[in-house]
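Examination of the molecular architecture
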There are 2 protein chains.
Amino acid sequence: MRRSATTATALLLGAATLASAQTYQRLGACPKLGCVFPPDQTEFLAGQLFDIRLEVHAPVNGSEATNGVPDEKFTFCIQNGKGPCEDANKFFKAKEPTLEKWTFQYYEDLFARDAKTPTVVNVAAKAYRALSLSQPGTYAAKLTYNGGGQTVANWVVRKPATHRKAKNVLFFIGDGMTQAMITAARLIAHKSINGKYQSLMQMDQMDNLGHQMTHSIDSFITDSANSATALYTGKKSTVNALGVYVDSSKTPFDDPKVETIAELFRRRIGGALGIVSTAYIADATPAGLCSHTRDRGQYASIVTEYLYNATFLNSTFAWPTSCQGPDVIFGGGAEQFIAGKGSPNGTDFYKAFQAQGYNVIHNNTELQAAGTKDKTLGIFSVSNMAKWIDRNVMRDNLKGMKDSPTGDGTDATDQPGLKEMTIKAIDILQARQKKGKGEGWFMMSEAASIDKMMHVLDYDRALGDLLELDDTIRASIDHLKKIGEYKNTLIVVTADHGHGFDVFGGADTKYLAAQSTDRKKRDAVGVYANSGLSGYTTSPGSLPNNQTGPNFPVQWNPRYTYAAGFGANPDHRETYAINTKGPRVPATAGTDGTYGVNPADNQAGFTVEGTLPTDESQGVHSLTDVSVFANGPGAEAFKGVYNSIDIFFKIADALALGRTDGH
Amino acid sequence: MRRSATTATALLLGAATLASAQTYQRLGACPKLGCVFPPDQTEFLAGQLFDIRLEVHAPVNGSEATNGVPDEKFTFCIQNGKGPCEDANKFFKAKEPTLEKWTFQYYEDLFARDAKTPTVVNVAAKAYRALSLSQPGTYAAKLTYNGGGQTVANWVVRKPATHRKAKNVLFFIGDGMTQAMITAARLIAHKSINGKYQSLMQMDQMDNLGHQMTHSIDSFITDSANSATALYTGKKSTVNALGVYVDSSKTPFDDPKVETIAELFRRRIGGALGIVSTAYIADATPAGLCSHTRDRGQYASIVTEYLYNATFLNSTFAWPTSCQGPDVIFGGGAEQFIAGKGSPNGTDFYKAFQAQGYNVIHNNTELQAAGTKDKTLGIFSVSNMAKWIDRNVMRDNLKGMKDSPTGDGTDATDQPGLKEMTIKAIDILQARQKKGKGEGWFMMSEAASIDKMMHVLDYDRALGDLLELDDTIRASIDHLKKIGEYKNTLIVVTADHGHGFDVFGGADTKYLAAQSTDRKKRDAVGVYANSGLSGYTTSPGSLPNNQTGPNFPVQWNPRYTYAAGFGANPDHRETYAINTKGPRVPATAGTDGTYGVNPADNQAGFTVEGTLPTDESQGVHSLTDVSVFANGPGAEAFKGVYNSIDIFFKIADALALGRTDGH
């Protein structure tokens, strides 16, 4: 679910040392009045392209007030190891960048926000575009300003792998998927006898287990754009940012870029590239592979960047690399392709893809029939695709949505699932890969609605899509074995952040519905011994009947359900029973514009007053480390505990994408 | 925090197949009217001692009503592999057990409970005591009753390791500790610059990472007794049960026992044994090593079982093995030792330990001064020991507790921490181990108050004790290296269950306190980008000052705190600021006996209405898989995803405790 861009940024640590982390920051990752991006602690793959942004801030008022005139004569040098600090123009053989100037404002805290007393900051800035460092080692990037003040960014270029281990990479992302959700999905989909599961999740059976830390560069909770940037570029960034560090200028397109794993794979190897998601295809997790903007909401430019490099969109700066038109793009989001206000320049963007040689398809029947020779764009719905439960169990919910990807106002009732999209994508990538040095493929396949349904507290639909992801991983392994590519393929399964979900007991939904007061309804919750056993794996007189495929619940609405929740909620009601009419809308805005219980949601339930600001209509992301599961060549590196950015380096090393030869 | 025993048990699956898991069960792990314990799916270590309980149920009324007369002529046989089913008396060379009869009752659901219409069940039963199976393979234990009805329990005796890999085992349990808590502890105690931690938790740096599933045999949420039984015996059991399966008889001492890892270590190897906990020492996690009762509240018998075997307590059945007086017992819980209503038969139980040769100590000064030659009992407080924050940061909270372990009514202000207890325990075990075949030691060291403080929603104190655990692991590794035992010692760190805790943002505590309505107070919570950065690792003008030891926060009450919570709560208030006066009491009973907001707790906070039954005063356990970290000989086996019972087998294999020779 998309977060609106937060335009106010706020103070972290001033020139004087301030004590606390704060809600609003002047500029993330810029602790002083001089800012260097990439900032301190950045690590690079050898030869990875990146921009540099330099800023000098002069606050007009507030806790760091100056004379308001930013130093325009700042200097910048690069020191390699213990060598001299060499002027950056000379070091990078770059010409002197143009001086830029702008003003921005922010609130220092919530009191200032309420009082409408912003702090105004004048800025002098420069930018270098599309540089790289090919020699492994340490670098100190030093910005000198205000007559001797200095901001030093220590950079490391990691020693790259020289031997390519994996021919292919299949990278699964369960958006928002935590271990607590995997545990709950196992509970409802796999039969247990006397405490012993009779079958397991595919994730449980992967060869290598790891944990990754998901925090942002400038806040401890991330969104999916920011974490996609970490996973795909090896760089921590800021909420809402895709493939860039966030500078303080107004335009969302001039922020300093970093090269993504997909761009590197195209530039270095020229392999086949696939992007699959159950979200709209301009959403953050797919977008992060090819896009460069500090505002994930720039959907039209995001779909444009699938075809063209960023220079095409903004000729004022050079960005020579791109995804070069992925061989496969499958997902939702027809609103960026149907000619109209969501599409690039209002044009029919399906035609733009067709002009580049794409086969364009719109439903599962066409997907199954599609050949493997051509580049293929599959857009299967307006907005996010339908959830597994609605597609497989409660199909009536597909009706009346008017979400046909053709834009003809009919319903998209013939949507493929993640499994169908992923298997077909493998076949196309396999057929389209080059021979020789350029062989192999890279695919990202995202189960997007784990996150989207957790946001609306629709735990059942979230777990349904988690189980679909697990089923997709299982089917992909089987398919790769069948086509002889399993031993050549690194498979990585992880998430981009959590939601604070956990199961804490069971609920007797019949008893709950029969009680007349909120406090009595809560009595239907059973904890500890009274949580009972999973009612999702039994149905009257039968073993699991597999009517919806293996490893899914055989009933979704047992009398005795699991009871689960977050610590972070809007006001809402709980019944702990599935919402049979489609995804939940737990909270709606009242006459004062703040969010409270949606009167139409869970009417038989009891009310839980929320813990979130009343302008939040949904649940929010959480901090917990998320799990990583990996099989195949290079997978051993994914064991243990590490930072999210390390995922990029581990994949890049499996593909030997780092180069020390300067090319 | 102890759960009161739930005396009502309830129906799982009747003789007729019932569809749903239910809140109340007739008898856990007994799906039919004939019950066999150990039940279907049980796995044994070769030669591990266990009891067998057989029951035939005749419900007088309810959904499974019979004539009310249980079949007393039931038969029982054991089939090894594909061989014949041999009468159990002959198979085990046991004499025919005495027939027992009793009646119990339970409610089939919450409606029956409200209507006070219990189902009455008459029972015929027998028990075999202290048997074992030494030949690896599969066994079918078949109970035949009611003229042909049959209940079959399939058992597996695992092939044991023949080679002892580890001389010593150091088993750390962070009670209730989830990965979300470890992540939060890392956030507040370790400094991060631009998204990169400058130091890590010791747990983050362990060599092997695993996940274990914590569910019970008959409910999906466990308590600490039940999970201690799984970890120490390799057998799933029922909430409140220690070292037994739960039968339907009234007495808490006749339930079928299983031999624990500590008893096996004593009986097989004769090694030195240590038990350390920050809880009262009769609490479930330490008790599970040596005790056998279905009611974890039998504290007097639990401390008796540290010294004597279960036969000593109940001569009606034979249980030949025991912990034989552990070499070290360190913890709280003086109320079971000071002569009085909590101690065995009202006697001075310190004297009973002294009579067995124990050195008895009562504070950190005595602990530091204690020699390593004698068995040592260190009881350092009444009830649970003080929390790390109160012991180290807010020491005034130690005053007025009147919790001196001597019972003299003074305050226990000189309590050791988990680290001090663990390091001294290592030294005593090291000094007291035998030479030759009996060499080596086994210690369980528990950080108990992670759980206890999560129960009362006192997240700060829980994380403080989690950090103390991490500090203890680090110090133990250093100490083992110093004394030359690191390479000989298997170190395993895990938890026994979760709490649905996660951090979801930051909070401006100053702003929160300044607002006058609950809805405005919630506006102090910052999510995503506005979560900001950790305020716990910076203090004005300084780097972490380590005044309380490395790897702890340098301030616990920054203005900008983390915001966290559960989905499972009693009514309570949130301020997201530390409780400086000691542990929280979030909810108290009103005049109607149900729990609501404690008027004295968090008065500046906003109210959150709960999701739990109103007879719950605290938070409850959750489902999530918990992490396992392991180093040392045998530690490779702890990688990946497995059941909680597997921890027992992995440790037993590292020590080669399984024996196929029948001895």
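Keep in mind the model is a prediction, meaning the values are calculated, not measured. Every residue gets a number counted from 1 within its own chain, in the order that chain's sequence is written. Both sets of labels track the order of writing: A upward for chains, 1 upward for ligands. Side-chain atom pairs in this predicted model are given and counted only at pLDDT of 80 or more, local residue features only at pLDDT of at least 70, and totals for whole chains, interfaces and linings cover all residues. Calculated side-chain values reflect all of the structure's heavy atoms, with hydrogen atoms and water omitted.

Let's talk about the interface of chain B and chain A
Filter applied, for reference: Working rule for contacts: check all heavy atoms of both residues, and any pair within 4.5 Å makes them a contact. As used here, buried area is the combined drop in accessible area, with a 1.4 Å probe, of two parts when they are placed together. Whenever Lys or Arg places a side-chain nitrogen within 4 Å of a carboxyl oxygen from Asp or Glu, that contact is recorded as a salt bridge. Pairs of N or O atoms are called polar contacts if they sit within 3.5 Å, as long as, within protein, a hydrogen donor faces a hydrogen acceptor (for residues adjacent in sequence, only side-chain-to-side-chain pairs). Side-chain classes follow a simple rule in which Ala, Val, Leu, Ile, Met, Phe, Trp, Tyr, Cys and Pro form the nonpolar group, Asp, Glu, Lys and Arg form the charged group, and the remainder, Gly included, forms the polar group.
On the side of chain A, 122 residues touch chain B, which itself brings 121 residues to the contact. Between chain B and chain A the total buried area reaches about 10000 Å² when both faces are included, carbon and sulfur atoms providing 58% of it. On the chain B side of the interface with chain A, the three residues burying the most area are Asn194(B), Phe220(B) and Tyr528(B), jointly 9% of the side's total. Taken together, chain B and chain A are joined by 12 salt bridges. Arg113(A) is paired through a salt bridge with Asp523(B); the nearest N and O atoms lie 2.7 Å apart. The interface formed by chain B and chain A includes 49 residue pairs in polar contact (both at pLDDT 80 or more). Looking at the side of chain B that touches chain A residue by residue, the classes come out as 46 nonpolar, 49 polar and 26 charged.

As for the relation of the copies chain B and chain A
For clarity, the threshold we go by: A residue counts toward the fit only if its pLDDT is at least 70 in both copies, and the copies are then superposed by least squares on the C-alpha atoms of those residues.
Between chain B and chain A, which share one sequence, the superposing operator has a rotation angle of 180 degrees and an axial displacement of 0.0 Å; the RMSD is 0.0 Å. Here the transformation between the copies is reduced to the relation of a two-fold axis. Residues of chain B ranked by C-alpha distance from the rotation axis are headed by Gly567(B), positioned 2.4 Å from it. In this assembly, 100% of the residues forming the interface of chain B have copies in chain A that are likewise at the interface, indicating an isologous arrangement.

A closer look at the confidence of the model for chain A
All names here are of chain A. Condition: Every residue is assigned a pLDDT by the predictor, reflecting its confidence on a scale from 0 to 100.
Taken as a whole, chain A shows an average pLDDT of 91; of its residues, 94% reach a score of 70 or greater. Here residues 1–21 is a poorly scored stretch, pLDDT under 50, and it has 74 contacts once near neighbours within four places are set aside; other chains count. The low-confidence segment residues 540–549, where pLDDT is below 50, has 12 contacts with residues more than four positions distant or belonging to other chains. What the predictor reports for the complex is a pTM of 0.92 with an ipTM of 0.91.

Side note on the nonpolar core
Put simply, the test is: For the purposes of this section, nonpolar cores are sets of buried Ala, Val, Leu, Ile, Met, Phe, Trp, Tyr and Cys residues that join through side-chain atoms within 4.5 Å. Accessible area is worked out with a 1.4 Å probe on protein chains only. A residue is then buried under 20% of its type maximum, exposed over 50%, and partly exposed in between.
One finds Phe501(A) and Phe501(B) to be the most contacted residues of the largest nonpolar core, which totals 176 residues. In contact with Phe501(B), other than residues within four places in its own chain, are Ala180(B), Met181(B), Ala184(B), Met454(B), Tyr459(B), Leu463(B), Tyr562(B), Ala564(B), Gly565(B) and Phe566(B).

Topic: the UniProt feature "binding site: Mg(2+)" (unreviewed entry) in chain A
Residue and element names in this part refer to chain A. Defined as follows: UniProt positions are given in the numbering used here, feature names are shortened, and annotations may be inferred rather than shown by experiment. We count a stretch as a helix when DSSP gives it H or I for four or more residues in a row; a strand needs E for two or more, and each element gets its number in order from the N terminus.
The UniProt entry lists Asp175, Asp283, Thr285 and Glu446 under the feature "binding site: Mg(2+)" (unreviewed entry), expressed in the numbering used here. Across 272 residues, the annotated set stays spatially compact, with a maximum C-alpha separation of 11.4 Å. Tracing the chain through its elements places Asp283 in the loop between β14 (272–280) and α6 (284–287). Residues in contact with Asp283, not counting those within four places in the same chain, are Arg296 and Lys452. The buried category is assigned to Thr285, whose relative accessible area is 2%. When near neighbours in sequence (up to four residues on either side) are disregarded, Thr285 contacts Ile173, Asp175, Ser224, Ala228, Tyr232, Met444, Glu446 and Asp496.

Notes on the sheet that holds strand β4 (residues 75–80) of chain A
Residues and elements named next belong to chain A. Spelled out, the test is: Strand pairing requires that DSSP identify at least two bridges connecting the strands. Here, axes are lines fitted to C-alpha atoms. For helices the fit covers the stretch in contact, and angles between N-to-C directions go from 0 to 180 degrees.
Spatially, 5 strands are ordered β2-β9-β8-β4-β5 in an open sheet, and the strand pairing comes out mixed. Two strands in the sheet have a free side with no partner beyond their single neighbour: β2 (43–45) and β5 (85–87). The average angle at which neighbouring strand axes cross in this sheet is 30 degrees, direction not considered. In the sheet, β2 pairs with strand β9 (residues 149–158) via 3 bridges, with the strands oriented parallel. Across the sheet, the residue bridging to Leu45 is Arg158, located in β9. The strands touched by helix α17 (residues 645–654) are β2 and β9; relative to β2, the strand with the most contacts, the crossing angle is about 20 degrees.

Observations regarding the side chain of Lys521(A)
Residue and element names in this part refer to chain A. Our working definition: His is not counted, nor are the chain ends, whereas Lys and Arg count as positive and Asp and Glu as negative.
Within the secondary structure, Lys521 sits in helix α16 (residues 518–522). For the buried Lys521, which has no salt bridge, the nearest side chain bearing the opposite charge is Asp518, at an N-O separation of 6.2 Å. Within the local environment of Lys521, its side chain forms a polar contact with the backbone oxygen of Ala604, the two atoms lying 2.7 Å apart. Those residues in contact with Lys521, other than ones at most four positions away along the chain, are Leu512, Ala513, Gln515, Ala604, Gly605 and Phe606.

Overview of the state of the cysteines
Residue and element names in this part refer to chain A. Keep this limit in mind: Criterion for a disulfide: a pair of cysteine sulfur atoms at a distance within 2.5 Å.
Summed over all chains, the structure comprises 6 disulfides over all chains. For Cys290, the disulfide goes to Cys323, at an S-S distance of 2.1 Å. Torsion about the S-S bond of the Cys290 and Cys323 cystine: about -95 degrees, corresponding to left-handed handedness. Of this pair, Cys290 sits in the loop between α6 and α7 (299–307) while Cys323 sits in the loop between α8 (310–313) and β15 (328–332), and the two are 33 residues apart along the sequence.

Looking at the pairing of strand β23 (residues 560–565) of chain A
All names here are of chain A. Among the 6 residues that make up β23, 6 are buried, leaving the element largely enclosed by the rest of the structure. Bridge count between strand β21 (residues 502–508) and β23: 6 bridges; the pairing is antiparallel. Bridge pairing in β23 links Gly506 to Tyr562.

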